[in-house]
Amino acid sequence: MPALNVTPHGGTLTVYSSSSVAQESASTYTYSYAYGPTGLAGLFRNHYAAGCAVFASVGGVSFGYDQGVISNVLVMKDFVSRWPVGPWEKGIMTAVLELGALFGALLAGVFADKYSRRRSIFLASLVFCIGSGFQAGAQSLNHLILGRAVGGLGVGALSMLAPLYMAEISSPELRGSLMALEQLAIVSGVVFGFWAGFLTRNVPGSASWRIPLALQFLPGISLCLGCFLLPPSPRFLVLKGRLDEAMQSLSKLRLRTAAEAPHDPLLQLEFLEMQVDVALETQCSGTNDGEGSANSWRRLFRREYFDRTSIGIMIMFFQQWSGINALLYYGPTLVTSVGLEGDLVTLLVSGGIGVVQFLAVIPAILYLDRLGRKPLLRGGSALMTLSHIVIAILIHHYEGNWPAHSSAAWLAVICIYTFTAAYGVSFGPIGWVLPSEVFPLSMRSKGVSLATASNWINNFLIGLVTPPMIQSSAGATFFLFGTACFAAHFWSTYFVPETAGISLEEMDAVFGTTAGKEDRKVKVELEQDFGIHDLVRGLVERSD
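Below is a short write-up of the structure. (Residues numbered from 1 in each chain as written. Predicted model: local features only at pLDDT ≥ 70, side-chain atom pairs only at ≥ 80, totals over all residues. Heavy atoms only, no water.)

## Describing the overall build of the protein
Alright, step 1. Along the backbone of the protein there are 26 helices and three strands.
Alright, step 2. In the protein, which comprises 544 residues, the share counted as buried stands at 61%.
Alright, step 3. Considering only contacts in the protein between residues 6 or more positions apart, those separated by 24 or more positions represent 81%. (Helix = DSSP H or I, 4+ residues; strand = E, 2+ residues; numbered from the N terminus. Buried < 20%, exposed > 50% of the residue type's maximum accessible area, 1.4 Å probe, protein only. Contact = heavy atoms within 4.5 Å.)

In structure tokens form, the structure reads like this:
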């Protein structure tokens, strides 16, 4: 298993094994490669790709901002007096954005394959801005609901497109860190949204809630104006057969000049992998245009791909039913349920949820690729389960007499923050990483769309049912979330493979299939036809 320095830029190729394939004389290799170090050092080393990922993640800011701002808007004096709303009305107002986002996420996959990732990001940002305009200028509750539904289309599309684009421009050793930027952007939006509403809550008249709703324009317009400055996805260009453009984009993302690119074996290896993946998926889907649109949707549920599809769907299911968005949407209401009183105290405590989540995501960005996905999912879900159960027990014992048990109330707040921190280093960022890396190229945009749709379906349900659940029994609500977190721990222990450091094109080996034995043989043949094994063998021989 030699680790080889293969470029003057410090990249490495690690060969794990060598074996003979039936009816083939050439040797085949299982390998991984890296252009540089992981974590913070790797982000600084490949600053261009990191900068592109940071800008693309602005789509996550729009997602998070809505989550943060709505909790304040729903309790503002002018808003409540203007349009009195009960628990179900609150649920509908919150959930309608998620319903729009569901359709946005599904449509985004089709547009991303047909019109490119960047054009789809532009369109989604434009739709989001239109929805923001309806909300800020609402003259009735129906206007506000319509604006949230339209804005939801844009938010849902961006929540799918940004992680997809970021995964496709990332090198293997930095993919987890760059993808975790999406979660950092979301929680940044949550913090910004909450405190924008907090600071305007005492402004006279409707400006108290119109101003924070209007501020949603900032991330939307920024992404609209700047998305075409981003480099095109090299994997999308390969999918469309535009190989020269794909190599130019890949070289730029890996900081290689036009003169260096033909002589960088890692760059050539990654580029060949993309071509093999497209050729393999074209054969499997029975299409000759590289898209296989209808077949891609159907294939997501075939036996050979169902493990991947279930991971994309379930990671988003557990991300939502962990209870994080219930805390973000209805933070003041939930904080009140654990015994704290006074508008200022409840708002400050619920605002701290976003701050804790923001701080927790930072170590995930730095160490996600080093520690791996699976250990963080297991540890995070265990701590989340414990936090919810303790809160449920405290509410059960003391909800009838919180003033006499203030220490118990603050213990519940500590558990809320502990849960938030555990979520921030586990299901928060990894929920966006896994769906973008487990699917093969021709199915990736639709696979990510389906996973994102799962996020929004469950987000919709959480937004709809949380207010009446809290009103009925706050303790039972936290116990339900704790049960979901326990199920997430079991699932991540026994059903989630480790994907850290694996290139997108080599992800098939993690699942033990490219789509069965026959497809593995086809892939080996394609790798040999495209010269991957010759390239790797040459590097091995050179090291000897």
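## What to know about the pattern of salt bridges
Alright, step 1. Applying the stated criterion to the full structure yields ten salt bridges.
Alright, step 2. Across the pair Arg235 and Glu270 runs a salt bridge, and its minimum N-O distance is 3.4 Å. Of the two residues, Arg235 is situated in helix α11 (residues 234–239) and Glu270 in helix α13 (residues 265–285); the sequence distance between them amounts to 35 residues.
Alright, step 3. Exposure remark for Arg235: the relative accessible area of 2% places this residue in the buried category. (Salt bridge = Lys/Arg side-chain N within 4 Å of Asp/Glu carboxyl O.)

## A short note on the environment of Gln528
Alright, step 1. Examined against the element boundaries, Gln528 turns out to sit in helix α25 (residues 517–530).
Alright, step 2. The buried category is assigned to Gln528, whose relative accessible area is 17%.
Alright, step 3. Taking the C-alpha atoms as reference points, Gln528 and Val276, separated by 252 residues in sequence, lie 9.5 Å from one another.

## Topic: helix α3 (residues 58–73)
Alright, step 1. Across its 16 residues, α3 extends 22 Å between first and last C-alpha, which sits within 8% of the 22 Å expected from 1.5 Å per residue.
Alright, step 2. Within α3, 16 of the 16 residues are buried, which leaves it mostly tucked inside the rest of the structure. (Expected span 1.5 Å × (residues − 1).)

## Notes on unusual backbone geometry
Alright, step 1. With phi around 100°, Ser116 is a residue other than glycine that occupies positive phi space.
Alright, step 2. The exposure class assigned to Ser116 is buried, which follows from its relative accessible area of 13%.
Alright, step 3. The phi torsion at Leu255 lies on the positive side, around 60°, for a residue other than glycine.
Alright, step 4. Examined against the element boundaries, Leu255 turns out to sit in the loop between α12 (243–253) and α13.

## Quick look at the packing of aromatic side chains
Alright, step 1. Under the definition given, this model contains 18 aromatic pairs.
Alright, step 2. Aromatic side chains Phe194 and Trp195 sit 5.2 Å apart centroid to centroid with 80° between the ring planes, which places their arrangement in the edge-to-face category.
Alright, step 3. Residue class for Phe194 comes out buried when judged on its relative accessible area of 5%.
Alright, step 4. Classification of Trp195 as partly exposed rests on a relative accessible area of 24%.
Alright, step 5. Ring centres of Phe318 and Trp491 lie 5.4 Å apart, and the angle between their planes is 45°; on these two criteria the pair is classed as tilted. Separated by 173 residues along the polypeptide, Phe318 in helix α15 (residues 303–321) and Trp491 in helix α23 (residues 474–494) bring together distant segments of the chain.
Alright, step 6. Taking the relative accessible area as the measure of exposure, Phe318 reaches 7% and is therefore buried.
Alright, step 7. An aromatic cluster is present here, built from Phe317, Phe318, Trp321 and Trp491 joined pairwise through their rings.
Alright, step 8. The positively charged end of Arg82 is found above the aromatic ring belonging to Trp83, 5.9 Å away from the centroid.
Alright, step 9. The cationic tip of Arg201 hangs over the ring face of Phe198; the distance from NZ or CZ to the ring centre is 4.0 Å. (Phe/Tyr/Trp six-rings, centres within 6.5 Å; stacked < 30°, edge-to-face > 60°. Lys NZ or Arg CZ within 6 Å of the ring centre and 35° of its normal.)

## Looking at the nonpolar core
As a rule of thumb, soluble globular proteins bury nonpolar side chains together.
Alright, step 1. Judged by nonpolar contacts, the single largest core of 90 residues is most densely connected at Leu161, Phe427, Leu434 and Trp456.
Alright, step 2. For this core, the leading source of residues is helix α7 (residues 141–169), giving eleven residues.
Alright, step 3. Those residues in contact with Trp456 that sit more than four places away from it in its chain are Phe63, Leu97, Glu98, Ala101, Leu102, Ala105, Val155, Gly156 and Ser159.
Alright, step 4. Core analysis: the next-biggest nonpolar cluster, separate from the first, contains 29 residues, Leu13, Val15, Ala246 and Leu280 among them. (Core = buried A, V, L, I, M, F, W, Y, C linked by side-chain atoms within 4.5 Å.)

## Remarks on the side chain of Ser125
Alright, step 1. With respect to the secondary-structure elements, Ser125 resides in helix α6 (residues 117–136).
Alright, step 2. Overall, the relative accessible area of 1% leaves Ser125 in the buried class.
Alright, step 3. Apart from the residues lying within four places of it in its own chain, the contact partners of Ser125 are Leu158, Gly220, Leu223 and Cys224.

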